[in-house]
Amino acid sequence: MNKVIFFAQIRELVGATCVMLDANELSVSHLIEQLSLRGERWLLAFKESTVLCAVNQTLVDLDYIIQEDDEIAFFPPVTGG
(Lines give C-alpha, C1' and ligand atoms only; values in the text may rest on other atoms or scores of the structure.)
Protein backbone atom coordinates (compact mmCIF):
# COMPACT_ATOMS: atom_id res chain seq x y z
CA MET A 1 0.00 0.00 0.00
CA ASN A 2 1.03 3.56 -0.63
CA LYS A 3 0.19 6.68 1.32
CA VAL A 4 -0.69 9.58 -0.99
CA ILE A 5 -0.57 12.98 0.69
CA PHE A 6 -2.07 16.23 -0.60
CA PHE A 7 -0.92 19.74 0.27
CA ALA A 8 -2.25 23.30 -0.05
CA GLN A 9 -4.84 23.91 -2.79
CA ILE A 10 -4.81 20.27 -3.89
CA ARG A 11 -5.82 19.18 -0.37
CA GLU A 12 -8.59 21.78 -0.32
CA LEU A 13 -9.97 20.71 -3.69
CA VAL A 14 -10.01 16.96 -3.02
CA GLY A 15 -11.21 17.37 0.55
CA ALA A 16 -8.65 14.97 2.00
CA THR A 17 -5.24 15.16 3.60
CA CYS A 18 -4.24 11.70 2.38
CA VAL A 19 -5.49 8.42 0.97
CA MET A 20 -4.12 4.90 1.10
CA LEU A 21 -4.07 2.95 -2.14
CA ASP A 22 -2.04 0.46 -4.11
CA ALA A 23 0.02 2.43 -6.64
CA ASN A 24 2.83 -0.11 -6.87
CA GLU A 25 4.42 -0.20 -10.36
CA LEU A 26 2.41 2.80 -11.60
CA SER A 27 4.14 5.88 -12.95
CA VAL A 28 3.33 9.13 -11.18
CA SER A 29 1.53 10.34 -14.32
CA HIS A 30 -0.63 7.20 -14.35
CA LEU A 31 -1.45 7.71 -10.67
CA ILE A 32 -2.52 11.28 -11.47
CA GLU A 33 -4.78 9.93 -14.22
CA GLN A 34 -6.37 7.46 -11.80
CA LEU A 35 -6.87 10.10 -9.10
CA SER A 36 -8.45 12.44 -11.66
CA LEU A 37 -11.15 9.83 -12.31
CA ARG A 38 -12.45 10.18 -8.73
CA GLY A 39 -14.62 13.16 -9.62
CA GLU A 40 -14.76 16.73 -10.81
CA ARG A 41 -12.88 18.24 -7.86
CA TRP A 42 -10.10 15.66 -8.24
CA LEU A 43 -9.86 16.40 -11.95
CA LEU A 44 -9.64 20.11 -11.20
CA ALA A 45 -6.92 19.53 -8.59
CA PHE A 46 -4.75 17.57 -11.00
CA LYS A 47 -5.47 19.29 -14.31
CA GLU A 48 -2.62 21.72 -13.85
CA SER A 49 0.56 20.51 -15.49
CA THR A 50 2.43 22.33 -12.73
CA VAL A 51 1.53 19.86 -9.97
CA LEU A 52 4.71 18.74 -8.23
CA CYS A 53 5.29 15.30 -6.80
CA ALA A 54 7.66 13.99 -4.17
CA VAL A 55 8.22 10.33 -3.40
CA ASN A 56 9.70 9.60 0.00
CA GLN A 57 10.32 13.35 0.38
CA THR A 58 12.36 13.65 -2.84
CA LEU A 59 11.05 15.48 -5.92
CA VAL A 60 10.48 13.12 -8.84
CA ASP A 61 9.49 13.37 -12.49
CA LEU A 62 6.08 12.21 -13.70
CA ASP A 63 7.64 9.10 -15.26
CA TYR A 64 8.93 7.86 -11.88
CA ILE A 65 7.71 4.30 -11.18
CA ILE A 66 6.18 3.99 -7.73
CA GLN A 67 7.36 1.11 -5.56
CA GLU A 68 5.62 -0.74 -2.74
CA ASP A 69 5.40 1.34 0.45
CA ASP A 70 6.52 4.57 -1.28
CA GLU A 71 4.97 7.70 0.21
CA ILE A 72 3.73 10.03 -2.53
CA ALA A 73 3.01 13.72 -1.98
CA PHE A 74 1.38 16.15 -4.39
CA PHE A 75 1.62 19.91 -4.05
CA PRO A 76 1.41 23.03 -6.18
CA PRO A 77 4.60 24.92 -7.00
CA VAL A 78 5.61 27.45 -4.38
CA THR A 79 5.54 31.08 -5.44
CA GLY A 80 7.11 33.91 -3.57
CA GLY A 81 7.78 37.52 -3.84
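Thresholds applied
Residues numbered from 1 in each chain as written. Predicted model: local features only at pLDDT ≥ 70, side-chain atom pairs only at ≥ 80, totals over all residues. Heavy atoms only, no water. Helix = DSSP H or I, 4+ residues; strand = E, 2+ residues; numbered from the N terminus. Buried < 20%, exposed > 50% of the residue type's maximum accessible area, 1.4 Å probe, protein only. Contact = heavy atoms within 4.5 Å. Disulfide = S-S within 2.5 Å. Pairing = 2+ DSSP bridges. Axes fitted to C-alpha atoms, helices over the stretch in contact; angles between N-to-C directions.

## Re the environment of arginine 11
Along the chain, the position of arginine 11 falls in helix H1 (residues 8-14). Overall, the relative accessible area of 34% leaves arginine 11 in the partly exposed class. With 64 residues separating them in the primary sequence, arginine 11 and phenylalanine 75 have C-alpha atoms 8.3 Å apart. Here arginine 11 is in contact with Phe6, Ala16 and Thr17, once residues within four sequence places are set aside.

## Things to note about the state of the cysteines
Using the criterion set out here, one finds 0 disulfides in the structure. Of all cysteine sulfurs in the structure, the one in cysteine 53 sits closest to cysteine 18, which takes part in no disulfide; the separation is 15 Å.

## Some details on the sheet that holds strand E1 (residues 2-6)
The strand order across the open sheet built from 5 strands is E2-E1-E5-E3-E4, with neighbouring strands paired in mixed fashion. With one partner strand each, in any of the chains shown, strand E2 (18-21) and strand E4 (58-59) form the two edges of the open sheet. As paired strands, strand E3 (residues 52-55) and strand E5 (residues 71-75) are joined by 4 bridges and run antiparallel to one another. Of the residues in E5, the one forming a bridge with leucine 52 is phenylalanine 75. The strands touched by helix H2 (residues 28-36) are E1, E2, E3 and E5; relative to E5, the strand with the most contacts, the crossing angle is about 70°.

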